[in-house]
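Overview (structure and organization)
Below, each chain spelled out in residue letters.
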Amino acid sequence: MKENSGKKGKVYLIGAGPGDPGLLTLRGKSVLEKADVVVYDRLVSPAILGFCNPKARMVDVGKMPTHHKVKQSEINKLLVQFAEEYPEGVIARLKGGDPFVFGRGGEEALELVAADVEFEVVPGITSAISVPAYAGIPVSHRGIATSFHIITGHERSDERTLAGSLQTRDERACQVFEPAEMSCASDRLSLDFEAIARCPGTLIFLMGIANMDFIARRLMECGKDPKTPLAFIEKGTTPYQRTVMATLQTAGETIIRENVTAPAITIMGGVVELGKTLAWKKNLPLSGKRLVVTRAAKQASGISARLTALGAEVIETPMIETKDVFPGLPGNLPANFDDLKNFDLLAFTSTNGVESFFKQLLASGRDIRELAGKKIASVGKITEKKLLEYGIRCDYVPEDHTGEGLGMLLRSILDERTLVNSLQTRDESGVALSGTRSAESKDLLDESRILLLQGNLADDTLLKFLPKATRWVVYETLPVTELPEWKREAVASADAIVFASTSAVENFVQISRLSSLVSRLSFCIGRMTEAAAKSHGFETVTSDETTMDSLVKKIVEYYT
Ligand code: SAH
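In this report, we go over the structure that sits alongside the text. (Residues numbered from 1 in each chain as written. Predicted model: local features only at pLDDT ≥ 70, side-chain atom pairs only at ≥ 80, totals over all residues. Heavy atoms only, no water.)

**Thoughts on helix H5 (residues 127-134)**
To keep things clear, this is the line we draw: Think of it in three bands: residues with accessible area under 20% of the maximum for their type are buried, residues over 50% are exposed, and the middle band is partly exposed, with areas taken using a 1.4 Å probe on protein chains only. To qualify as a helix, a DSSP run of H or I must reach at least 4 residues; to qualify as a strand, a run of E must reach at least 2; elements of each kind are numbered from the N terminus. Should any heavy atoms of two residues lie within 4.5 Å, those residues are considered in contact.
Counting buried positions along H5 yields 6 of 8 residues, so the element is predominantly enclosed. Taken together, the buried positions of H5 are Ser127, Ala128, Ser130, Val131, Pro132 and Tyr134. Considering only its buried residues, H5 is in contact with strand S6 (148-152), strand S7 (202-206), strand S8 (229-234) and strand S10 (264-268). Just beyond H5, the residue with positive phi is Gly136, at close to 75 degrees.

Given below as structure tokens:
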């Protein structure tokens, strides 16, 4: 190893898969979550970009502000440059499908080796196999195809020419994937058509739509049966997936008639017929719709998952973000944790609170032994589970998982009242017990020795029940002030925005500052939200009741 190699950042060549965010690998996701820089291609889905560390520098090499695609040689240099700029950093190079299947990942890796930059390859699910699978077409099938061949329908022989031709083509559809122009297909394709025509297996062409008329004709000239079944699968695995069937003979005219656009793959051979029986991907009520969901908190609201399950592509835009507080300021947790000795019971009311508390406890040089002998209370199951990750079991969890429930539970212990059935305590093995534990109450005689660990926006519910308790603010919730560029683009191209509160409308308008949103469709929960959205120029469709169920129902009704 050369002298400084350890100091440079490490580059991960990551395959994002074909589009469906569920097809990103676990390894890919975990690298994205800790990345300092993400260099991504056009058409990597916003949902996958949403997995990236929110603090990461996001670099779109599919389109730069000048609207020119960044040349491959420049991308190679950029990766080396970031590795130098971020010593010990994590640089994620995120590409569609698999990085080594027509993804130029090999070229990038060679450049990294030459510059002595450490790298790792995180393979992705290639579109070549997964896109047919989503159309119900197995690439091999006993008795039909014993091999399959993945072929480029476009060769990038001259970068300069290529970049030039790119600028003239439709940005959104063609930028990364379909650079060739039909007229000069014969100049650019040096495929051995005779050999390919003789292949008995399934033929899969990537990047080939623009050249397909030429490819099909050459294959027929070389003896391939004009009746060979063929399918074009457009935007496979995404909510916009479409399959168009043809034969080798009708390939060119079908592309024009059906307006097949990139990204699409072409698959040829007997297996295509199976797609007629095996096409399993249902057209869902919200297929093909891109919806922005404004969320009040970091936690999943449930509505996104439901809209996704109904086929929509959901762009989540949280309106607030949480940050650690500065320790030692009045009201905040202290910089040194000596004061913990003054408390016998610690109450956590959110997972954020748990994470921030332990992060700062560790940062102060201490660890969980500071909590030895103390009772621990949690507002609900999710917070309880988070505490378990830190090796801590809860002594008190209210059954209804609310601040009020926790307040009542602790109050009743303090007052040595008989505990009502609505509470739970835990026995030593962690098994939930419901009902009275009067022995517990003796441990907790002193209300002033209760410590509440909460965010700055926590309301006073707990303090109302426990006026002598102490509260430390362990994290802060701040409004998000701007959207990252990739999200602005996704939002700008959305079909509709979903608003679940008036404040979501106000915040969203503030942070997005997108004039393109004027007269955009919005789905609103209740009349108040509707009025707020109208006042900002949105068209509105409003749920009958102020519930998420009613809102989701309304969205489905609107589109079906
Ligand atoms: N590395 C990628 C391929 C890059 S070449 C992979 O392994 O999948 C780009 C070509 O891939 C496109 O022109 C198209 O032919 C194909 N492609 C990528 N994603 C696709 C998708 N979601 N649906 C259909 N074709 C896709």
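Okay, back to it.
**Points about the sheet that holds strand S11 (residues 290-295)**
To be explicit about the condition: In this analysis, strands are considered paired if DSSP registers two or more bridges between them. All axes here are fitted lines through C-alpha atoms, helices being fitted over the stretch that makes contact, and every angle between N-to-C directions spans 0 to 180 degrees.
Strand order in the open sheet formed by 5 strands is S12-S11-S21-S22-S23, with parallel pairing between adjacent strands. The sheet is open, and its two borders are formed by strand S12 (313-318) and strand S23 (539-542), each paired with just one other strand. Neighbour to neighbour, the strand axes of the sheet diverge by 25 degrees on average, direction disregarded. Against the sheet, helix H20 (residues 502-512) touches S11, S12 and strand S21 (496-499), its axis set at about 135 degrees to S21.

**A look at the nonpolar core**
As a reminder of what qualifies: The term nonpolar core refers to a set of buried residues drawn from Ala, Val, Leu, Ile, Met, Phe, Trp, Tyr and Cys, joined through side-chain atoms within 4.5 Å.
One finds Leu203, Phe205, Met212, Leu219, Phe232 and Met268 to be the most contacted residues of the largest nonpolar core, which totals 25 residues. When contributions to this core are tallied by element, the ones reaching two or more residues are helix H9 (193-198), S7, helix H10 (212-221), S8, strand S9 (242-247), helix H11 (251-257) and S10. Among the elements that line this core, the one with the most residues is H10, at 5 residues. Each residue touching Leu203, except ones within four places of it in the same chain, is listed here: His149, Ile151, Ile196, Leu219, Lys224, Thr266, Ile267 and Met268. Listed in part, the 23 residues of the second largest apolar core include Val325, Leu371, Cys394 and Val474.

**Some points on the site of the ligand**
Definition in use: Distances are taken per atom, and a residue is near a molecule or strand as soon as one of its heavy atoms is within 4 Å of it. Whenever two N or O atoms come within 3.5 Å, that pair is a polar contact, provided that in protein one can donate a hydrogen and the other can accept it, and provided that, for residues adjacent in sequence, both atoms are side-chain atoms. The Shrake-Rupley method, run with a 1.4 Å probe, gives the accessible areas here. Residue values count only the displayed protein chains as cover. For this scheme, ten residues count as nonpolar: Ala, Val, Leu, Ile, Met, Phe, Trp, Tyr, Cys and Pro. Four count as charged, namely Asp, Glu, Lys and Arg, and the remainder, Gly too, count as polar. Here the limits of each domain have been adopted from an automatic or database domain assignment.
Not every one of the 19 residues close to the ligand is listed here, only the nearest: Pro18, Val101, Thr126, Ser127 and Ala264. Contacts to the ligand include Ser127, whose side-chain N or O atom sits 2.6 Å from an oxygen atom. With respect to the ligand, the backbone of Gly236 contributes an N or O atom lying 2.8 Å from a nitrogen atom. Here the ligand loses 96% of its free accessible area of 540 Å² to cover by the protein chains. Residue assignment for the shell around the ligand shows that the elements contributing at least two residues are H5 and S10. Residues that form the shell around the ligand fall into these classes: 11 nonpolar, 5 polar and 3 charged. For the shell around the ligand, the domains that each give at least three residues are domain 1 (10-125) and domain 2 (129-281).

**Brief notes about the packing of helix H14 (residues 351-363) against helix H15 (residues 381-389)**
So the rule is basically this: Roughly parallel here means an angle under 35 degrees, roughly antiparallel means over 145, roughly perpendicular means 65 to 115, and every remaining angle is called oblique. Two helices that cross are described as forming a left-handed crossing if the nearer one is turned anticlockwise from the farther one by less than a right angle, and a right-handed crossing if clockwise.
Taken N-terminus to C-terminus, the directions of H14 and H15 make an angle of 25 degrees; their axes are 8 Å apart at the nearest point. Relative to H15, the element H14 lies roughly parallel. The two elements H14 and H15 meet at a crossing, and its hand is right-handed. Together, Thr351, Val354, Glu355 and Phe358 of H14 and Ile382, Thr383, Lys386 and Leu387 of H15 make up the contact between the two elements. Within the contact of H14 with H15, the residues separate by chemical class into 4 nonpolar, 2 polar and 2 charged.

**A word on the sheet that holds strand S3 (residues 57-60)**
Taking strand neighbours across the sheet as the criterion, the 5 strands line up as S3-S2-S4-S1-S5 in an open arrangement whose pairing is parallel. The open sheet terminates on both sides in strands that have one partner only, identified here as S3 and strand S5 (119-122). Taking the axes of each pair of neighbouring strands and ignoring which way they run, one obtains an average angle of 15 degrees across the sheet. Sheet topology note: the strand S1 (residues 10-15)/strand S4 (residues 90-95) ladder contains 6 bridges and is parallel. The residue bridging Leu13 from the neighbouring strand is Arg93, located in S4. The strands touched by helix H3 (residues 72-85) are S1, strand S2 (37-40), S3 and S4; relative to S4, the strand with the most contacts, the crossing angle is about 155 degrees.

Distances and angles like these do not, on their own, reveal function.
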